[in-house]
Amino acid sequence: MRALLDQLSLRTKMLFIAAVSAGLSLIPSGLFVRDGMARVAQAQKEALGVPASVELLQLVRSTQQHRGLASGVLNGNQAARADREAVAKSIQARFATLSPSIVAIGAQGLAVRLDEMRQQLTQLIEDVGKQSLKAPESLSRHNAIVERQMDLIYDVTVASELVLHPDASGYFLQDGILRALPPVTEALGRMRAMGNGALTRKEISALERAQIAALATQARTLSVQVERSIQLAIKADPSLQASLTTELQDAMRQIREGVDYVDKRLLSAETLDEPPAQWFARTTAIIDAQFKLATVGAKALQADMDEGVVSMQRALWVGSTGMVVLTALSLWLILAVGRRVTDATSEALRLAEAVAQGDLTRQVQAQGQDECARMLRALDGMARNLSTTVSSV
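Residues numbered from 1 in each chain as written. Predicted model: local features only at pLDDT ≥ 70, side-chain atom pairs only at ≥ 80, totals over all residues. Heavy atoms only, no water.

Turning next to the overall build of the chain. Each helix and strand counted, the chain has 10 helices and 0 strands in total. Secondary structure elements of the chain occur, N-terminal to C-terminal, as α-α-α-α-α-α-α-α-α-α. Its C-alpha atoms give the chain a radius of gyration of 38 Å, more than 25% over the compact-globule value 21 Å for 393 residues. When its C-alpha atoms are laid out on the principal axes, the chain stretches across 140 × 40 × 30 Å. (Helix = DSSP H or I, 4+ residues; strand = E, 2+ residues; numbered from the N terminus. Rg over C-alpha atoms; globule rule 2.2 N^0.38 Å.)

It is worth spelling out the pattern of salt bridges at this point. A side chain with one charge may pair with a side chain of the opposite charge, provided their charged atoms come close. Scanning the model with the defined rule gives 16 salt bridges in all. Between Asp250 and Arg253 there is a salt bridge, with the nearest N and O atoms lying 2.3 Å from each other. You can see Asp250 and its partner Arg253 sitting in helix α8 (residues 241–267), 3 residues apart, about one turn around the helix. For Asp250, a relative accessible area of 23% translates into the label partly exposed. Where Glu274 meets Arg265, a salt bridge forms, and the shortest distance between an N and an O atom there is 2.8 Å. Note on Glu274: relative accessible area 3%, which makes it buried. By relative accessible area, Arg265 is classed as partly exposed at 26%. (Salt bridge = Lys/Arg side-chain N within 4 Å of Asp/Glu carboxyl O. Buried < 20%, exposed > 50% of the residue type's maximum accessible area, 1.4 Å probe, protein only.)

Among the structural elements, His142 can be located in helix α5 (residues 135–159). Looking at His142, its side chain comes within polar contact range of the main-chain oxygen of Ser138, at 2.7 Å. Contact partners of His142, with chain neighbours within four places excluded, come to Thr63, His66, Arg67, Ala70, Leu124 and Val128. (Polar contact = N/O pair within 3.5 Å; in protein donor to acceptor, adjacent residues only side chain to side chain. Contact = heavy atoms within 4.5 Å.)

The next point concerns the environment of Val310. Locating Val310 in the fold gives a position in helix α9 (residues 276–356). The partly exposed category is assigned to Val310, whose relative accessible area is 42%. Spatially, the C-alpha atom of Val310 lies 47 Å from that of Trp279, the residues being 31 residues apart in sequence.

The next subject is the packing of aromatic side chains. Here the structure, examined in full by the defined rule, presents 2 aromatic pairs. Ring centres of Tyr171 and Phe172 lie 5.3 Å apart, and the angle between their planes is 70°; this geometry places the pair in the edge-to-face category. Judged by its relative accessible area of 33%, Tyr171 falls in the partly exposed class. On the accessibility criterion, Phe172 (23% relative accessible area) is partly exposed. (Phe/Tyr/Trp six-rings, centres within 6.5 Å; stacked < 30°, edge-to-face > 60°.)

Don't take any of this as a statement about function, it's just geometry.
Laid out in structure tokens, this is it:
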């Protein structure tokens, strides 16, 4: 290697150093750009998961409403038929807007599952409309579909990598509204449906009392997880307090008061004289408060996702531009210094060769105060002194 270097000119050596320096800077720069692009891609993918998850939440909400109204209709409350049919139409409309959001994530399996779910729910709606099944079967089939819908919400957050959100505020926010909240609304929704059927029939079995009581307890217990996750999100990002605190407090209050209402008007009531329509309206208000919290939380989450994408793109652009500028500056500096050294060395070499050939008249002009300029001045002075000495002999 040394023998090879000895054969190269100084200018070539300096160019070689510049090339090596450029390579050394390009490696970390490339890694930085690759990591930055991966982060931007993940943030963009997470942002796609939010609208799909929100649409699924609304589908869960409509399915739960249909279950409650179907329970009333199948138990003899024909006054609820118009409302049930309206909700059934809204469910079909939701699938139309939900499908593109699921497809945008790019996970083919999710779209297939959504289509299967649509077919199952469509068939169930038709069966309820024809009243070709009994209330318990309707309740069971609705429950199974809602469970699959909640599973799909979680799988959407996984496929979009929303569950891997790096910031604490976004992570806890999505955990609260997309993982912890749906089971709360489902417990409340089943309680609404079972209570609606019992009040329509004006009778309730001991088993139904126990099941509704368990659902009320479950809703209250699971709501603690929702509250904790959202409070952790607010703690990580205090700016969320203004938009989430009121809705969170209202949702938790509705559950506490709703559980008391269920106990008073159904579980502990000696006679079931609560009008089914009033029961449905009151329990729906409790559930609506949870979905209102989810809607506000989803907006905050979407804003966080969008801001994260813009922030990462900006950081990538600034970092990449800075590295390009620094690399260019480094190369320019290496080449400039190399040119300065090689020019001075070449000038000194020409002077030395001229003196060696007896030409003492050759002079050099040195500019600057660095070592190269001082060397050329010294050589020029040496040549002048030698010329004077020779002339005086």
